[in-house]
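Structural features, examined
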Amino acid sequence: AYGMLKEDGRSQYLKQSIIFGVVASLTYLPLDWGLARGAQFVLYLRRDFPIIPGAPLSLVLTRIIAIAVVAYLYHRLIAISVPVFIAAGITGTFVLLGSTILDQLGTVHYLWLWNTTPLGGRYVVDLPRIGSTPICVPIALLLTFFLCPYYFYKRQHAIVAGIRCGLFMGTLLFCCFVVFLLFYQVVGV
């Protein structure tokens, strides 16, 4: 990162990506808290910083880095003349695969648990999974980062883009969770 900051062309992308990652993660934090406390969709098993009500600090910092890397990937793809929607597709696919792998690592190391009895035990649902990850999570993240052209529309400032991304990340995750929950409730699976 330090080496890239010293080079003129790439430093702008890196700075924007870091700001974007920080703002998107902090915007998503209250929505994550709602998913953890309200819907009880995800249960965080370790708390390493009591001030943060939802996710542990280590997860928040990991999320900042991951989102910054994804934003940097999107900016670099655009910089090498990849069409905007193809860059968004590549970025979304990268997030789908990366989030699934990182989620498996988090589950294996007992950082969180995806709850099969969400909403206070009112629903017992076995959502389809990729390993231990409910499929609605990578789908929501895929859809979130397909919207990269919207976040960075007309060279939006990284703070505005980060707020948009954080809001969409939480909203799409909740909506995908509800759609899958209702689908499996109606189908009776």
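Let us look at the structure shown here. (Residues numbered from 1 in each chain as written. Predicted model: local features only at pLDDT ≥ 70, side-chain atom pairs only at ≥ 80, totals over all residues. Heavy atoms only, no water.)

1. Concerning the overall build of the protein chain
Within the protein chain, the regular secondary structure consists of eight helices and four strands. Along the chain direction, N to C, the helices and strands of the protein chain fall in the order α-α-β-α-α-β-α-β-β-α-α-α. A buried classification covers 44% of the 189 residues belonging to the protein chain. Across the protein chain, every contact between residues at least 6 apart in sequence was considered, and the portion connecting residues at least 24 apart equals 67%. (Helix = DSSP H or I, 4+ residues; strand = E, 2+ residues; numbered from the N terminus. Buried < 20%, exposed > 50% of the residue type's maximum accessible area, 1.4 Å probe, protein only. Contact = heavy atoms within 4.5 Å.)

2. Comments concerning the packing of helix α4 (residues 84-108) against helix α6 (residues 136-146)
Between α4 and α6, the least distance of the axes is 8 Å, while the angle of their chain directions is 155 degrees. Comparing the axis directions of α4 and α6 gives the class roughly antiparallel. Seen along the crossing, α4 lies across α6 with a hand that is right-handed. When α4 is examined against α6, the residues Ala-88, Gly-89, Thr-91, Gly-92, Thr-93, Val-95, Leu-96, Ser-99 and Thr-100 are found in contact with a partner set consisting of Pro-138, Ile-139, Leu-141, Leu-142, Phe-145 and Phe-146. (Axes fitted to C-alpha atoms, helices over the stretch in contact; angles between N-to-C directions. Parallel < 35°, antiparallel > 145°, perpendicular 65-115°, else oblique. Left-handed = near helix turned anticlockwise from the far one by under 90°.)

3. What about a nonpolar patch on the surface?
Nonpolar side chains collect at one region of the surface, where Ile-19, Ile-159, Ile-163 and Leu-167 lie side by side and expose about 300 Å² of accessible area between them. When residues in the nonpolar patch are grouped by element, the largest group, three residues, is from helix α8 (residues 158-187). The residue Ile-159 is located in helix α8 in this model. (Patch = residues over 30% accessible without salt bridge, like charges linked within 9 Å, V, L, I, M, F, W, Y side chains within 5 Å. Areas by Shrake-Rupley, 256 points an atom, 1.4 Å probe, with all protein chains shown as cover. Salt bridge = Lys/Arg side-chain N within 4 Å of Asp/Glu carboxyl O.)

4. So, α4
Between the first and last C-alpha of α4 there are 36 Å, a value that for 25 residues agrees with the 36 Å anticipated at 1.5 Å per step. For α4, the full list of buried residues reads Ala-87, Ala-88, Gly-89, Thr-91, Gly-92, Val-95, Ser-99, Thr-100, Asp-103, Gly-106 and Thr-107. In this structure, the buried side of α4 is in contact with α3 (57-79), β2 (112-114), β3 (129-130), β4 (133-134), α6 and α7 (148-151). (Expected span 1.5 Å × (residues − 1).)

5. A word on the layout of surface pockets
Considered as a void within the structure, the largest pocket measures approximately 690 Å³ in volume. Contributing elements (two or more residues each) for the lining of the largest pocket: α2 (8-38), β1 (42-44), α3, α4, β2, α6 and α8. Grouping the amino acids of the lining of the largest pocket by side-chain chemistry returns 22 nonpolar, five polar and three charged. Here the second largest pocket defines a volume of roughly 270 Å³. Contributing to the lining of the second largest pocket are 13 residues, with Tyr-74, His-75, Ile-78, Phe-152 and Arg-155 lying nearest its centre. Mapped onto the lining of the second largest pocket, the elements with two or more residues apiece are α2 and α3. Ranked by the residues each element gives to the lining of the second largest pocket, the list is headed by α3, at four residues. Residues that form the lining of the second largest pocket fall into these classes: eight nonpolar, three polar and two charged. (1 Å grid on protein atoms, 1.4 Å probe; cavity = no way out; pocket = protein on both sides within 12 Å on 5 of 7 lines; lining within 4 Å. Points joined across faces, edges and corners; volume = space filled by probe spheres on them. Nonpolar A, V, L, I, M, F, W, Y, C, P; charged D, E, K, R; others polar.)

6. A word on the nonpolar core
With 46 residues, the main nonpolar core has Phe-20, Phe-41, Leu-127, Cys-136 and Phe-145 as its most contacted residues. Broken down by element, the residue count for this core peaks at 11 residues, all from α8. With near-sequence residues (within four places) excluded, Phe-20 lies in contact with Ile-67, Ala-71, Phe-145, Tyr-151, Phe-152, Ala-158, Ala-161, Gly-162 and Cys-165. (Core = buried A, V, L, I, M, F, W, Y, C linked by side-chain atoms within 4.5 Å.)

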